[in-house]
Amino acid sequence: RASAQPGRLRFALRWQAEIDGLDSASTFMCGDRLVVGTPRCVLALGRDNGEVLWIRETRPAASLMAGNVLLRLNGEGLVELCDVSDGEPYAECRITPRTGGPPLGLLAGGQSSPPVAILGADRDQLVAIDLRNGETRWRYRSRGRGAFKLRRAGRLLLVVSGDNTLDAVDVASGEPVWRWADPGKLVMPPAAAGDVVVAVSGQPGSSGASLMGFDLFGGQQIWRHELDAGPSAGPIATDRIAVVPITGQGRGRLVAVNPVDGTPRWSAIDPGMNEGGACLSVDDRLVFNAPSGQICGIASDTGEVVWQHALADPVRDDVPRRLEPILRGGALFVPSAHTHVLRPADGMRSSGPVGGELVPDFLRVDERGWLYVAEESGLIEAHAP
């Protein structure tokens, strides 16, 4: 079947499968296959035809993907490293089970250092697991409550853990390279704009906050910009602009500064980050996708709304689990109540909604422009342009 076409693109359904217990957070695209974790099993589907390539029954565990390695973490701290070619574990290790939050994992290393998966453990630890053999490379203990927010910046791992500190940790050794202690709490993930780390201190609902810039390699504070309200999300940073959404009356605001020296650039009405929206930087546009079904493109230099669309009804339509737009082949693939394809420059729709009535809790686009859409009801579909 093909979708209705107001634009140039047509998408045809190639295959559909139903998987009992499908979890969008445990569904991954890895090369020529989709790997799906459920409470009772893990399986892989061929991306071209949906054929089951392998299936493995397991105990309940959380799934994380690090490169082409599937990690399974159970409630007792057992970590299995599985080959996605057959789903079988080739190494395992044990960590102290993480408490106080969902499973946490991040891929690091490569080139001159071994590939590692950095996992959250216990209440306040990060553990680096060697993806080649499952050995523990290093452990890092935070000073905060372990409410980790991580961001990779080259050889450094930027760590916020819910207290007053921002740490830069060497991903090869786990040693702290520098640490910043601030009067306010740091609870939002930092961002990197070239050689500048942008971080925000303050909590949602607070009466004030600070947006700060640090030298990536030395940790010296370069600038500080005071805000009149607390942040509602972490900063968004590019080489040209650093933007932080703050709470306030009504919908809140976006505050933008120059990431090099902190000079104020513009302020605009928040298009939905305060509600849990997602942002993607595309050339000279910031694209915001909100849970209300609104999507807009804002000029990063001026804060002007260049284009805007209503993709869903905020009262009647479901909201997908993840709202991050995907840029592929010069087109924006946007998860809302349905999947939409837009041009980032002017927001023009390139096709009608893709995927029928499926809510895109999981959305991926491969190098050919094929869409893979899964809903947590258990349905997963592939659509080809």
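As the structure is a computational prediction, the values presented were derived from the model and not from experiment.

What counts, and where the lines are drawn
Residues numbered from 1 in each chain as written. Predicted model: local features only at pLDDT ≥ 70, side-chain atom pairs only at ≥ 80, totals over all residues. Heavy atoms only, no water. 1 Å grid on protein atoms, 1.4 Å probe; cavity = no way out; pocket = protein on both sides within 12 Å on 5 of 7 lines; lining within 4 Å. Points joined across faces, edges and corners; volume = space filled by probe spheres on them. Nonpolar A, V, L, I, M, F, W, Y, C, P; charged D, E, K, R; others polar. Helix = DSSP H or I, 4+ residues; strand = E, 2+ residues; numbered from the N terminus. Pairing = 2+ DSSP bridges. Buried < 20%, exposed > 50% of the residue type's maximum accessible area, 1.4 Å probe, protein only. Contact = heavy atoms within 4.5 Å. Salt bridge = Lys/Arg side-chain N within 4 Å of Asp/Glu carboxyl O.

1. Details of empty space enclosed by the protein
Inspection of the entire model under this criterion finds 2 cavities of 30 Å³ or more. Its boundaries defined by the atoms lining it, the largest cavity holds a volume of some 70 Å³. Along the wall of the largest cavity there are 14 residues; nearest its centre are Pro-291, Gly-293, Asp-318, Val-319 and Ser-336. Tallied by class, residues from the lining of the largest cavity come to 8 nonpolar, 3 polar and 3 charged. Along the walls of the second largest cavity sit Gly-109, Ser-113, Pro-114, Val-116, Arg-137, Trp-138, Val-171 and Ala-172, which together make up its complete lining. Elements supplying a minimum of two residues to the lining of the second largest cavity: strand S11 (113–121) and strand S13 (136–141). The element best represented in the lining of the second largest cavity is S11, accounting for 3 residues.

2. Section: unusual backbone geometry
In this model, Asp-122 sits at a positive phi of 55°, which is unusual for a non-glycine residue. Phi at Asp-283 takes a positive value of approximately 55°, unusual for a residue other than glycine. Looking at where Asp-283 falls in the secondary structure, it is placed in the loop between strand S26 (278–282) and strand S27 (285–289).

3. Focus: the sheet that holds strand S23 (residues 242–246)
Two modes of strand pairing occur in sheets, parallel and antiparallel, and in both the strands are linked by backbone hydrogen bonds. One open sheet holds the 4 strands; their spatial order is S22-S23-S24-S25, and the pairing between them is antiparallel. Of all the strands in the sheet, the pair left with one neighbour each is strand S22 (236–237) and strand S25 (264–269). Two strands pair when backbone bridges link them, and S23 and strand S24 (residues 253–257) are joined in this way by 5 bridges, in the antiparallel orientation. Bridge pairing in S24 places Pro-245 opposite Leu-254.

4. Considering the pairing of strand S7 (residues 69–73)
With 5 of its 5 residues buried, S7 lies for the most part within the structure. The alternating pattern of S7 places Val-69, Leu-71 and Leu-73 on one face and Leu-70 and Arg-72 on the opposite face, and all of these are buried. The sheet contact formed by strand S6 (residues 62–66) and S7 spans 5 bridges and is antiparallel. Opposite Leu-64, over in S7, you have Leu-71 as the bridge partner. Where S6 folds back onto S7 in an antiparallel hairpin, the turn is made up of 2 residues, including Gly-67, whose phi is positive at roughly 65°. Sheet topology note: the S7/strand S8 (residues 78–83) ladder contains 5 bridges and is antiparallel. Of the residues in S8, the one forming a bridge with Leu-71 is Leu-81.

5. Section: the side chain of Thr-339
When you line up the elements, Thr-339 lands in strand S32 (residues 339–342). Contact partners of Thr-339, with chain neighbours within four places excluded, come to Val-334, Gly-352, Pro-353, Val-354, Pro-360, Leu-363, Leu-371 and Val-373.

6. So, the pattern of salt bridges
A full pass over the atoms with the stated rule returns 24 salt bridges. For Asp-130, the salt bridge is made with Arg-137, and the minimal N-O distance between the two is 3.6 Å. Relative accessible area serves as the criterion here: at 1%, Asp-130 is assigned to the buried category. Residue Arg-137 is classed as partly exposed on the basis of its relative accessible area, which comes to 40%. Between Arg-321 and Glu-376 there is a salt bridge whose closest N-O contact spans 2.6 Å. Placement of Arg-321 in the loop between strand S29 (305–310) and strand S30 (326–328) and of Glu-376 in the loop between strand S34 (371–374) and strand S35 (379–384) is noted, with a sequence separation of 55 residues between them. Overall, Glu-376 belongs to the partly exposed group, its relative accessible area being 34%.

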